[in-house]
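Tertiary structure, described
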Amino acid sequence: MEFIDHIVPVEDTTVLDVLDQALDDLLGHPANGRISVSVPSEHHAAYAEATTYLTRINSTGALRSDDFDLDYVLTRARLAPPGARLQALREGAVTLARDRRAGVADTLAVTSALTWLEAGISLGPRRFFLMDGEWYEAGSAYVDECRAAVAALGA
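Residues numbered from 1 in each chain as written. Predicted model: local features only at pLDDT ≥ 70, side-chain atom pairs only at ≥ 80, totals over all residues. Heavy atoms only, no water.

Of the regular secondary structure elements, the protein holds 5 helices and 9 strands. Along the protein, helices and strands appear, N-terminal first, in the series β-α-β-α-β-β-α-α-β-β-β-β-β-α. Sorting the 155 residues of the protein into buried and exposed places 37% on the buried side. Contacts spanning at least 24 positions in sequence make up 58% of the contacts within the protein whose residues lie at least 6 apart. Taken as a whole, the protein presents about 8,800 Å² of accessible surface, with 54% of it coming from carbon and sulfur. (Helix = DSSP H or I, 4+ residues; strand = E, 2+ residues; numbered from the N terminus. Buried < 20%, exposed > 50% of the residue type's maximum accessible area, 1.4 Å probe, protein only. Contact = heavy atoms within 4.5 Å. Areas by Shrake-Rupley, 256 points an atom, 1.4 Å probe, with all protein chains shown as cover.)

Set out below in structure tokens:
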């Protein structure tokens, strides 16, 4: 668990702006595996119980599905204009429900669509990742240690 010591939340607003812009740009391209699904940490129990997901992004209507649909989320984000994609995900909602009919009493959780995404962005030698809707930096010492460990395995 030593890696946790090397991961810190990003607080520099200039860096946050650059990361947000980079992610917004990435969201404008077809899915390429650089953005993946990550169940929001505070909603693992609701995720285990949910049988229906209602996903609303940049629309008045919502997609009703049996599981979280990453392709739908990325497609809806891509439809937003450049500079507005990330905001569309922040404002978008994913509702987890017990029942396909999904009445208010069946709602387990309502989250921002952005909290379901995980992405990695590099700025020069610095490595950042988005998790639970927040940016974190993996310290350069940790990245160097990981590279050295992988290189040692290949030797």
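Applying the stated rule across the entire model yields 5 aromatic pairs. Joined through ring pairs, the aromatic side chains of Tyr47, Tyr53, Phe68 and Trp116 make up one cluster. (Phe/Tyr/Trp six-rings, centres within 6.5 Å; stacked < 30°, edge-to-face > 60°.)

Structurally, the position occupied by Ala93 is in strand β5 (residues 93–97). Each C-alpha atom of the pair Ala93 and Ala113 lies 5.0 Å from the other, and the pair is 20 residues apart in sequence. Excluding its chain neighbours within four sequence positions, the residues that come into contact with Ala93 are Leu54, Thr55, Arg56, Val110, Thr111 and Ala113.

On to helix α3 (residues 70–79). Looking at α3, one finds that the buried residues are Leu70, Val73, Leu74, Arg76 and Ala77. Projected onto a plane normal to the axis of α3, the buried residues spread over an arc of 160° and lie on a single side. In this structure, α3 carries Asp71 and Leu79 as exposed residues pointing more than 90 degrees from its buried face. Looking at the buried residues of α3, the elements they touch are α1 (13–27), β2 (35–37), β3 (52–56), α4 (85–91) and β7 (117–123). (Arc of directions from axis to C-beta.)

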